[in-house]
Amino acid sequence: MAYFRQNSRLTRAAGALLMLSLAPLAARADQLADIKRAGVVRVATFDANPPFGAIDAKTHRIVGYDVDFARAIADALGVKLALVPTNPANRIPLLQSGKADLIIADITITPEQAQVIDFSTPYFVTGQQFLVPAASSDKLEDYASARIGAVKGTTGEQALHHRFPNARVLAYDDIPLALSALRNGNVKAITQDSTILTGLLAGAPDKANYKILPALLSEEQIGIGVKKGEGALLNAVNQQLIALEHSGEAQRIYNSWFGPQSPAPQPRSFTITSH
């Protein structure tokens, strides 16, 4: 009988420890439920990378391709949209620290980044190109040992190190700073997504002094970043991306920022599909 009582106490103790270990999991609601309860989704997006995200001079609000997708997703979730301005280096830390619920900021899907965050189905496809002075060479290989500017924390910076190991890569916080370095002669070229370079050049008062090289440094798929383990939120985002494609809204958003009448015209060579 003494053995039975001791064994029962051990069983109860083990059960109590198990319940304590499971309590945080039981108490934790999924992020999608948290967003709907709060009535707002916080989206990290650029405020200095047109046409994906930049401050409108008239309204002083952030506008852009990414912002339109963020608003469409917020509407689908039935919540308000709160934009969290960011730059490439701060995107993932904002998500992981809980200061943002989603990253919609021209973030490339890579194996390295997919180890720390989850990605939606791609909603944009682009490639890295070079912006150089108009009189410079058209051949990428001629910049193999040059000083080249890139935005800190981007795949463009990584691609440069891989493709041109003898180049001196200078990293800047955003693309306008990289353009300033090109203007000042601190670098011989800068690299970024082709669409961002097109938008940057279109808005530059001295655009006649520069050109975008036709060759691609790399091709990249852009996705929406979600915190690891948030399957319900990721599924909701993917469902809305596919719905936007089927309704034609994704094409309309694209045309607003990259269509023939936009400042940065570029044909749409992709469609949003499920994984």
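This is a predicted model, so every value here is computed, not measured. (Residues numbered from 1 in each chain as written. Predicted model: local features only at pLDDT ≥ 70, side-chain atom pairs only at ≥ 80, totals over all residues. Heavy atoms only, no water.)

**Student:** Quick question: what am I supposed to make of the overall build of the protein chain here?
**Tutor:** Secondary structure summary: the protein chain contains ten helices and 13 strands in total. Within the protein chain, buried positions represent 48% of all 275 residues. Per element, the accessible surface of the protein chain, about 13,700 Å² overall, is 55% carbon and sulfur. (Helix = DSSP H or I, 4+ residues; strand = E, 2+ residues; numbered from the N terminus. Buried < 20%, exposed > 50% of the residue type's maximum accessible area, 1.4 Å probe, protein only. Areas by Shrake-Rupley, 256 points an atom, 1.4 Å probe, with all protein chains shown as cover.)

**Student:** Please clarify how the environment of Thr45 should be interpreted in this entry.
**Tutor:** Position of Thr45 relative to the elements: it lies in strand S1 (residues 40-46). A C-alpha to C-alpha distance of 5.3 Å links Thr45 and Pro85, two positions 40 residues apart in sequence.

**Student:** Could you clarify how one ought to interpret the pairing of strand S6 (residues 102-108) in this entry?
**Tutor:** Each regular strand shows side chains that alternate between the opposite faces of the sheet. Of all seven residues making up S6, seven are buried, and the element is well covered by its neighbours. Two elements, S1 and S6, share two bridges in a ladder whose sense is parallel. Looking across to S6, one finds that Ala44 is bridged to Ile103. Where S6 meets strand S13 (residues 218-227), four bridges bridge the pair, whose relative direction is antiparallel. (Pairing = 2+ DSSP bridges.)

**Student:** Looking at this structure, I do not really get the packing of helix H2 (residues 31-38) against helix H9 (residues 231-247). What am I missing?
**Tutor:** Packed helices, taken two at a time, are described by the angle between their axes plus the distance between the axes. For the pair H2 and H9, the least separation of the axes is 6 Å and the interaxial angle reads 70°. One finds that H2 runs roughly perpendicular with respect to H9. The segment H2 lies against H9, with Gln31, Leu32 and Ile35 engaging Ala232, Leu233 and Ala236. (Axes fitted to C-alpha atoms, helices over the stretch in contact; angles between N-to-C directions. Parallel < 35°, antiparallel > 145°, perpendicular 65-115°, else oblique. Contact = heavy atoms within 4.5 Å.)

**Student:** Can you help me understand the packing of helix H3 (residues 65-77) against H9 in this one?
**Tutor:** Two numbers describe how H3 lies on H9: the axes approach to 10 Å, and their chain directions differ by 110°. As the angle between them shows, H3 and H9 are arranged roughly perpendicular. Of the two possible hands of crossing, H3 and H9 adopt the one that is right-handed. Contact residues: Phe69, Ala72, Ile73, Ala76 and Leu77 in H3; Ala236, Val237, Gln240, Leu241 and Leu244 in H9. Class assignment of the residues belonging to the contact of H3 with H9 gives a composition of nine nonpolar, one polar and no charged. (Left-handed = near helix turned anticlockwise from the far one by under 90°. Nonpolar A, V, L, I, M, F, W, Y, C, P; charged D, E, K, R; others polar.)

**Student:** What's the story with the environment of Lys152 in this structure? I'm lost.
**Tutor:** Note on placement: Lys152 falls in the loop between strand S9 (147-151) and helix H6 (155-163). As a C-alpha pair, Lys152 and Leu170 span 18 residues in sequence and 8.5 Å in three-dimensional space. In this structure, Lys152 is in contact with Pro88, Ala89, Glu157, Ala171, Tyr172 and Asp173, ignoring residues within four places of it in sequence. In terms of polar contacts, Lys152 uses its side chain to reach the side chain of Asp173, at 3.1 Å. (Polar contact = N/O pair within 3.5 Å; in protein donor to acceptor, adjacent residues only side chain to side chain.)

**Student:** What exactly am I supposed to notice about unusual backbone geometry here?
**Tutor:** Only a minority of non-glycine residues have a phi that is not negative, and only a minority of peptide bonds are not trans. Looking along the chain, the bond that leaves Pro50 and enters Pro51 is cis, with omega of 0°. Mapping Pro51 onto the fold places it in the loop between strand S2 (48-49) and strand S3 (53-55). Even without being glycine, His60 reaches a positive phi, approximately 65°. Looking at where His60 falls in the secondary structure, it is placed in the loop between S3 and strand S4 (62-63). Its relative accessible area of 62% is what places His60 among the exposed residues. Phi is positive for Asp106, close to 50°, though the residue is something other than glycine. Relative to the assigned elements, Asp106 resides in strand S6. Residue Asp106 is classed as buried on the basis of its relative accessible area, which comes to 5%.

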